[in-house]
Amino acid sequence: MTAGVVLFAVRTADADDILARVRHMLPEGSVLYARREAFGARDVFLTHGLSTLTERQRDILRFLMLDLSNKEIGRRLKPSHFTVRNHVSQLLRQLNAPSRKAIVALLNDALVADAHRLPPSY
């Protein structure tokens, strides 16, 4: 079984119910990190200086988290792998990262930092 990361935001008063349903559906041994924020608070991208990314760059970042190649990302998003390569290069420059793995590490560190701020009841 491969590990994966799924990020989503819920802006509703029913967040506790949604979290309970998600926990129920997770396979045995899964880990769920959840963060509760005040309505209108910044998401992970804003909190960690990633707010300048375009929607396409965010899409590509999500696929980088899954360790997909440029060709695999291109197949899923439909641009050529050359276009994906250009987006990845732009991400490297914007995030001042030396490699794809460094970008993934940056986002993983941001997610872990947020998880450590959760109250123990989560």
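Residues numbered from 1 in each chain as written. Predicted model: local features only at pLDDT ≥ 70, side-chain atom pairs only at ≥ 80, totals over all residues. Heavy atoms only, no water.

S.K.: Whenever I open this one, helix α1 (residues 15-25) confuses me. Can you help?
M.R.: Note that an α-helix has 3.6 residues per turn; residues three or four places apart therefore point the same way. Along α1, the residues that are buried comprise A15, L19 and V22. An end-on view of α1 places all buried positions within 65° of arc, on one side of the element. Opposite its buried face, α1 presents the exposed residues R21, H24 and M25, each directed more than 90 degrees away. (Buried < 20%, exposed > 50% of the residue type's maximum accessible area, 1.4 Å probe, protein only. Helix = DSSP H or I, 4+ residues; strand = E, 2+ residues; numbered from the N terminus. Arc of directions from axis to C-beta.)

S.K.: Would you explain the nonpolar core in this entry?
M.R.: Inside soluble globular proteins, nonpolar side chains tend to come together where they are buried. Grouped together as the largest cluster of nonpolar side chains are 18 residues, with contacts concentrated most on I60, L64, I73, L91 and I103. Taken together, the elements giving at least two residues each to this core come down to α3 (55-65), α4 (70-77), α5 (81-94) and α6 (100-116). In terms of residue count, the dominant contributor to this core is α3 (five residues). (Core = buried A, V, L, I, M, F, W, Y, C linked by side-chain atoms within 4.5 Å.)

S.K.: Explain the pattern of salt bridges here, please?
M.R.: Two side chains with opposite charge may pair up if their charged atoms get near one another. With the rule as written, the count across this model stands at one salt bridge. Across the pair R62 and D59 runs a salt bridge whose closest N-O atoms are separated by 3.2 Å. Of the two residues, R62 and D59 are both situated in helix α3; the distance of three residues between them amounts to about one turn of the helix. The class for R62 is partly exposed, based on a relative accessible area of 34%. Under the relative-accessibility criterion, D59 is labelled partly exposed at 22%. (Salt bridge = Lys/Arg side-chain N within 4 Å of Asp/Glu carboxyl O.)

S.K.: I would appreciate a short explanation of the packing of α3 against α4 in the present structure.
M.R.: The description of two helices packed together rests on the angle between their axes and the distance between the axes. Between α3 and α4, the least distance of the axes is 10 Å, while the angle of their chain directions is 125°. Taken together, α3 and α4 sit at an angle that is classed as oblique. Seen along the crossing, α3 lies across α4 with a hand that is right-handed. Across from R56, D59, I60, F63 and L64 in α3, the residues of α4 making contact are I73, R76 and L77. When the residues that make up the contact of α3 with α4 are grouped by side-chain class, the tally is five nonpolar, no polar and three charged. (Axes fitted to C-alpha atoms, helices over the stretch in contact; angles between N-to-C directions. Parallel < 35°, antiparallel > 145°, perpendicular 65-115°, else oblique. Left-handed = near helix turned anticlockwise from the far one by under 90°. Contact = heavy atoms within 4.5 Å. Nonpolar A, V, L, I, M, F, W, Y, C, P; charged D, E, K, R; others polar.)

S.K.: Is there a simple way to think about unusual backbone geometry in this case?
M.R.: Backbone geometry at D67 places phi at a positive 60°, although glycine is not the residue there. Taking relative accessible area as the criterion, D67 reaches 60% and is therefore assigned exposed. Phi is positive for N96, close to 55°, though the residue is something other than glycine. Tracing the backbone through its elements, the reader meets N96 in the loop between α5 and α6.

S.K.: Got a minute to help me understand the side chain of N70 in this structure?
M.R.: Within the secondary structure, N70 sits in helix α4. Reaching out from N70, the side chain makes a polar contact with the side chain of R100 at a distance of 2.5 Å. Apart from residues lying up to four places away in sequence, N70 is in contact with H81, V84, R85, V88 and R100. (Polar contact = N/O pair within 3.5 Å; in protein donor to acceptor, adjacent residues only side chain to side chain.)

S.K.: Sorry if this is basic, but what is going on with α3 here?
M.R.: Among the residues of α3, Q57, R58, I60, L61, F63, L64 and M65 are the ones counted as buried. Positioned one or two residues after α3, D67 has a phi angle of 60°, which is positive.

S.K.: Quick question: what am I supposed to make of the confidence of the model for the protein here?
M.R.: Any residue range with low pLDDT should be treated as having predicted coordinates unsuitable for detailed reading. Here the protein shows a mean pLDDT of 76. Residues at 70 or above account for 65%. The low-confidence segment residues 38-43 (pLDDT under 50) makes nine contacts with residues lying over four places distant or belonging to another chain. (pLDDT = per-residue confidence, 0-100.)

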